[in-house]
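# Remarks on the overall topology
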Amino acid sequence: MPRCARLVEPAYLVTVLKELLSRDHLRVTVHKEAIRLLGTYASSASIPLLRTQWQRPSIHRDVQIAIGHAARNLLNHEEAWLFLEEMVQSEDIDITRSLCTQQPSALAEAARVRYARLLVKLTQHTEVQVRREAFIALKAWTVGVEAEIAAAAVSRIIDLENSPEWKSALEVLLTCCRDGAVTERLDEVVQAVIATSKCFACLPVSLHAIVHVFWLPYNRIRCYSETMPPPLVGRWRMMRHWQRWY
């Protein structure tokens, strides 16, 4: 089918695909391929066909994911974004997670910021796996949305008891700050960690690394040592000599 699609006029291809998709019983692989072709050879007629397929009762999960991929080739149409918004709200986490596989380079530059904001919404998902994968994906989407991504990351990092994905959130936060943007968020994280920890030595070693990465310069450490209990001050200053983090 893909080979034949390259040899026919787009208008005729849409007509053929419309007839094929109107059938009641399609194998999932055939259904997915037809949807993929609607996205690959996109036209204004593709959107209504995708909407019709999306609304079919008992639609297979893989077909819904394929519709999402096709919609990403049609983001110059506002309704294509509606498919993606509905995928963000889907109860099936596999459908939601499929949004995290998109690469920025495959989208038009004008659509990247808006797509990144969709991924930011996933960082508030109820499932840990979705939140973790969203943060991992966002490392490639920081340009232009540093503040929003950093805010989402900070909210998860400082809520350590309920954020198993805090390491992924930390990585994307550091990515946001590497060019000097939103660096004030680093101080916010460290102060929150100190405020909620009775004993600095009880923090995970990885969190020791957070503080070291954020406040390596000695003069910045001194700025906060006045507000820290004496046992923490000594341990804090010793961290300056650590050379490797685990």
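Here the structure is a predicted model, which means the values were calculated and not measured.

Parameters at a glance
Residues numbered from 1 in each chain as written. Predicted model: local features only at pLDDT ≥ 70, side-chain atom pairs only at ≥ 80, totals over all residues. Heavy atoms only, no water. Helix = DSSP H or I, 4+ residues; strand = E, 2+ residues; numbered from the N terminus. Buried < 20%, exposed > 50% of the residue type's maximum accessible area, 1.4 Å probe, protein only. Contact = heavy atoms within 4.5 Å. Areas by Shrake-Rupley, 256 points an atom, 1.4 Å probe, with all protein chains shown as cover. Salt bridge = Lys/Arg side-chain N within 4 Å of Asp/Glu carboxyl O. Polar contact = N/O pair within 3.5 Å; in protein donor to acceptor, adjacent residues only side chain to side chain. Arc of directions from axis to C-beta. pLDDT = per-residue confidence, 0-100.

### A closer look at the overall build of the chain
- For the chain, the count of helices and strands is 15 helices and 0 strands.
- Taken across its 246 residues, the chain has 44% of its residues classed as buried.
- Nonlocal contacts in the chain, meaning residues at least 24 apart in sequence, comprise 62% of its contacts between residues at least 6 apart.
- Per element, the accessible surface of the chain, about 13500 Å² overall, is 52% carbon and sulfur.

### Observations regarding the pattern of salt bridges
- Under the defined criterion, the tally for this structure stands at 13 salt bridges.
- Note that Arg51 is salt-bridged to Glu79, the shortest N-O span being 3.3 Å. You can see Arg51 sitting in helix H4 (residues 46-54) and its partner Glu79 sitting in helix H6 (residues 78-88), a full 28 residues away along the chain.
- Taking the relative accessible area as the measure of exposure, Arg51 reaches 13% and is therefore buried.
- For Glu79, a relative accessible area of 30% translates into the label partly exposed.
- Linking Asp94 and Arg97 is a salt bridge whose minimum nitrogen-to-oxygen distance equals 2.9 Å. Taken together, the residues span about one helical turn, with Asp94 and Arg97 both in helix H7 (residues 93-97) at a distance of 3 residues.
- For Arg97, a relative accessible area of 23% corresponds to the partly exposed category.
- Connected through shared salt-bridge partners, Arg61, Asp92, Asp94, Arg97 and Glu133 make up one network.

### Examining the side chain of Ser46
- Residue placement: Ser46 occurs in helix H4.
- What makes Ser46 buried here is its relative accessible area of 0%.
- Only 3.2 Å separates the side chain of Ser46 from the backbone oxygen of Leu38, close enough to count as a polar contact.
- Setting aside residues no more than four positions away along its own chain, Ser46 makes contact with Leu38, Tyr41 and Leu74.

### Points about H6
- Those residues of H6 lying buried are Ala80, Trp81, Phe83, Leu84, Met87 and Val88. Take H6 and look down its axis: the buried residues cluster within an arc of 150°, on one side only.
- Where H6 is buried, its residues contact H4, helix H5 (61-71), H7 and helix H8 (109-122).

### Considering the environment of Ala106
- The residue Ala106 is located in the loop between H7 and H8 in this model.
- Between the alpha carbons of Ala106 and Arg72 there is a distance of 9.1 Å; along the sequence they are 34 residues apart.

### Quick look at the confidence of the model for the chain
- In the predicted model, the chain carries a mean pLDDT of 78, and the fraction of residues at 70 or more is 72%.
- Confidence, expressed as mean pLDDT per element, reaches its minimum in the chain at helix H14 (residues 218-225) with 42 and its maximum at helix H9 (residues 128-138) with 96.
- Contacts of residues 215-246 to residues separated by more than four positions or lying in other chains number 49 contacts, the stretch itself having pLDDT below 50.

### Points about unusual backbone geometry
- For Ser58, which is not glycine, the phi torsion reads 55° and is therefore positive.
- Mapping Ser58 onto the fold places it in the loop between H4 and H5.
- A residue is classified by how much of its surface remains accessible, and Ser58, at 78% relative accessible area, is exposed.

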